[in-house]
Amino acid sequence: MMNRTMNILITSLAPMIWGSSYIVTTQMLPNLDPITISVLRALPAGLLLLVLVRQFPKGMWIFKMLVLGALNFAIFWALLFYSAYRLPGGVAAVLGALQPLVVIFAAYGLLGTSIRPLSMLAVLFGVLGIALLILTPDAKLDMWGVVAGFIGASSMAFGVVLSRKWQPPVSALTFTAWQLTAGGVLLVPLTTFTTTDWSTITGINILGLSYLGLIGAAATYAIWLRGIKLLQPSAVSILALLSPVSATLLGWFILDETLSGLQLCGMCVVLCSVMLGQYALRARPETV
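Residues numbered from 1 in each chain as written. Predicted model: local features only at pLDDT ≥ 70, side-chain atom pairs only at ≥ 80, totals over all residues. Heavy atoms only, no water.

Novice: Would you mind showing me how to read the overall build of the protein here?
Specialist: Along its length, the protein carries 13 helices and zero strands. Listing every helix and strand of the protein by position from the N terminus yields α-α-α-α-α-α-α-α-α-α-α-α-α. For the protein, whose C-alpha radius of gyration is 18 Å, the value lies close to the compact-globule estimate of 19 Å for 288 residues. Referenced to the eigenvectors of the C-alpha coordinate spread, the extents of the protein come out at roughly 55 × 50 × 35 Å. (Helix = DSSP H or I, 4+ residues; strand = E, 2+ residues; numbered from the N terminus. Rg over C-alpha atoms; globule rule 2.2 N^0.38 Å.)

Following this line, the structure appears as structure tokens:
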């Protein structure tokens, strides 16, 4: 029980750190477009890790890493930014919060894990909490933005489940290196549609990209993939709801943004949903 609790706490560090991406992007990378940021976040970090681990995928693992790189990075990040462009941030975040629900059904289909009503209830409470935390009354829906947001969330959901199903005989750091590199390579063709003026790159940009790549991608995804290996996919995926909570708290603490009573209520609902999601699984942990 203690080991499982510790693994949950360690894994939760990843989404909490991801919550800082908003501040880093807006404050340190305002002159770079989202796709350029994604490529420079994934590819250099992945290549650096490859140099460190000195292990490369072989045979069918090359194909599997391309699939995982697409699901966890290329498709997810591209559609995430597209939906964020078409939708208010709160709507996009609520769609992203549906990811754990998709994980529950994907794990049932691909891993044979059971669907637990309490887990589904925890996810729905989490979606409600995110809505209270971020959604504004004037939020408007855009059909293509909603579709992109849901497909993006589903992409990472299947990436989480397949990362559990396809476990190569390597360390979590090597697994991360393979996926980041594959995702970065798949994102490169999209840079032909970007608007970034490379002559405007500054030292602050490089510092921000270094943080997003080394800490926000390499370190955190190693932690995330370790958690997927040791815990159930549904237990890991619901921890992603901590990212908007972290982003909101950092915005309040660092950028002096306001924090309303409704947002505090949303935070409490999200935290309760995460704990409920873990409680739903602790009595009969999966062995897949």
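Novice: Is there a simple way to think about empty space enclosed by the protein in this case?
Specialist: A probe matching the size of a water molecule, rolled over the atoms, marks out where space remains unfilled. Within the structure shown, the criterion is met by two cavities of 30 Å³ or more. Considering only enclosed or pocket space, the second largest cavity measures out at about 40 Å³ in volume. If you go around the second largest cavity, the residues you meet are P100, I104, S119, A122, V123, S234, S237, I238, G277 and L281. Breaking the lining of the second largest cavity down by element, the ones donating at least two residues are helix 6 (99–111), helix 7 (117–134), helix 11 (233–237) and helix 13 (261–282). (1 Å grid on protein atoms, 1.4 Å probe; cavity = no way out; pocket = protein on both sides within 12 Å on 5 of 7 lines; lining within 4 Å. Points joined across faces, edges and corners; volume = space filled by probe spheres on them.)

Novice: Looking at this structure, I do not really get the nonpolar core. What am I missing?
Specialist: Inside soluble globular proteins, nonpolar side chains tend to come together where they are buried. In terms of nonpolar packing, the biggest core is built from 63 residues, with W77, M156, L180, Y221, W224 and L241 touching the most fellow members. Sorting elements by how many residues they give to this core places helix 4 (residues 60–86) first, with eight residues. Sequence-distant contacts of W77, defined by excluding residues within four places in its chain, comprise S38, R41, A42, L187 and Y221. With six residues, the next largest nonpolar core counts V24, L29, I37 and L209 among its residues. (Core = buried A, V, L, I, M, F, W, Y, C linked by side-chain atoms within 4.5 Å. Buried < 20%, exposed > 50% of the residue type's maximum accessible area, 1.4 Å probe, protein only. Contact = heavy atoms within 4.5 Å.)

Novice: What should I look at first to understand unusual backbone geometry in this one?
Specialist: Trans peptide bonds make up most of the peptide bonds, and negative phi angles are found at most residues other than glycine. Within the chain, R54 stands out as a residue other than glycine whose phi angle is a positive 55 degrees. Given a relative accessible area of 71%, R54 falls into the exposed group. Unlike most non-glycine residues, D256 shows phi in positive territory, near 60 degrees. Structurally, D256 is set in the loop between helix 12 (242–254) and helix 13.

Novice: What's the story with the layout of surface pockets in this structure? I'm lost.
Specialist: Put simply, the second largest pocket is a space of about 390 Å³. Surrounding the second largest pocket, 17 residues form its lining, I8, L9, L242, V274 and M275 being those nearest its centre. Only helix 1 (2–18), helix 12 and helix 13 provide two or more residues apiece to the lining of the second largest pocket. By residue number, the principal contributor to the lining of the second largest pocket is helix 1, which donates six residues. Residues of the lining of the second largest pocket, tallied by class, amount to 11 nonpolar, four polar and two charged. (Nonpolar A, V, L, I, M, F, W, Y, C, P; charged D, E, K, R; others polar.)

Novice: Any chance you could explain the side chain of S237 here in plain terms?
Specialist: Tracing the chain through its elements places S237 in helix 11. Ignoring any residue separated from it by four or fewer positions in sequence, one finds S237 in contact with Q99, P100, V103 and W224.

Novice: Please explain the packing of aromatic side chains as it appears in this structure.
Specialist: We describe a pair of aromatic rings using the distance from one ring centre to the other and the angle between the two ring planes. Overall, the coordinates contain four aromatic pairs when judged by the stated rule. Plain terms: the ring middles of W18 and Y221 are 4.9 Å apart, the flat faces sit at 40 degrees to each other, and that makes the pair tilted. Here W18, found in helix 1, pairs with Y221, found in helix 10 (residues 203–230); they are 203 residues apart in sequence, far enough to count as distant. You can call W18 buried: its relative accessible area is 13%. (Phe/Tyr/Trp six-rings, centres within 6.5 Å; stacked < 30°, edge-to-face > 60°.)

Novice: How do you make sense of helix 9 (residues 172–187) when you look at a structure like this?
Specialist: Every α-helical turn comprises 3.6 residues, leaving residues that sit three or four positions apart pointing alike. When the terminal C-alpha atoms of helix 9 are compared, their 22 Å separation across 16 residues agrees well with the 22 Å that a helix rising 1.5 Å per residue should span. Burial of helix 9 is extensive: 12 of the 16 residues sit out of reach of the surface. The set of residues buried in helix 9 consists of T174, F175, T176, A177, W178, Q179, L180, T181, A182, G183, G184 and L187. The elements touched by buried residues of helix 9 are helix 3 (34–53), helix 4, helix 8 (143–165) and helix 10. (Expected span 1.5 Å × (residues − 1).)

Novice: Even after reading the chapter, I still don't get the packing of helix 6 against helix 7, so can you show me in this structure?
Specialist: Geometry of a packed helix pair, given as the angle between the helix axes and the separation of the axes. It is the contact of helix 6 with helix 7, at a shortest axis distance of 8 Å, that shows an interaxial angle of 160 degrees. When the axis of helix 6 is compared with that of helix 7, the two are roughly antiparallel. In this structure, the crossing between helix 6 and helix 7 has a hand that is left-handed. Contacts between helix 6 and helix 7 involve P100, L101, I104 and F105 on the former and, on the latter, S119, M120 and V123. (Axes fitted to C-alpha atoms, helices over the stretch in contact; angles between N-to-C directions. Parallel < 35°, antiparallel > 145°, perpendicular 65-115°, else oblique. Left-handed = near helix turned anticlockwise from the far one by under 90°.)

Novice: So what exactly am I meant to see when it comes to helix 10 here?
Specialist: Along its 28 residues, helix 10 runs 39 Å from first to last C-alpha, staying within 8% of the 40 Å computed at 1.5 Å per residue. Approximately 30 degrees is the largest bend angle found in helix 10, and it occurs at T220. (Bend = angle between axes of the 7 residues up to and from the residue.)

Novice: Which parts of the structure should I look at to understand the confidence of the model for the protein?
Specialist: Reading predicted coordinates in detail is not appropriate for stretches of low pLDDT. Taken as a whole, the protein shows an average pLDDT of 90; of its residues, 95% reach a score of 70 or greater. Mean pLDDT values for the elements of the protein range from 74 in helix 5 (residues 89–96) up to 96 in helix 9. (pLDDT = per-residue confidence, 0-100.)

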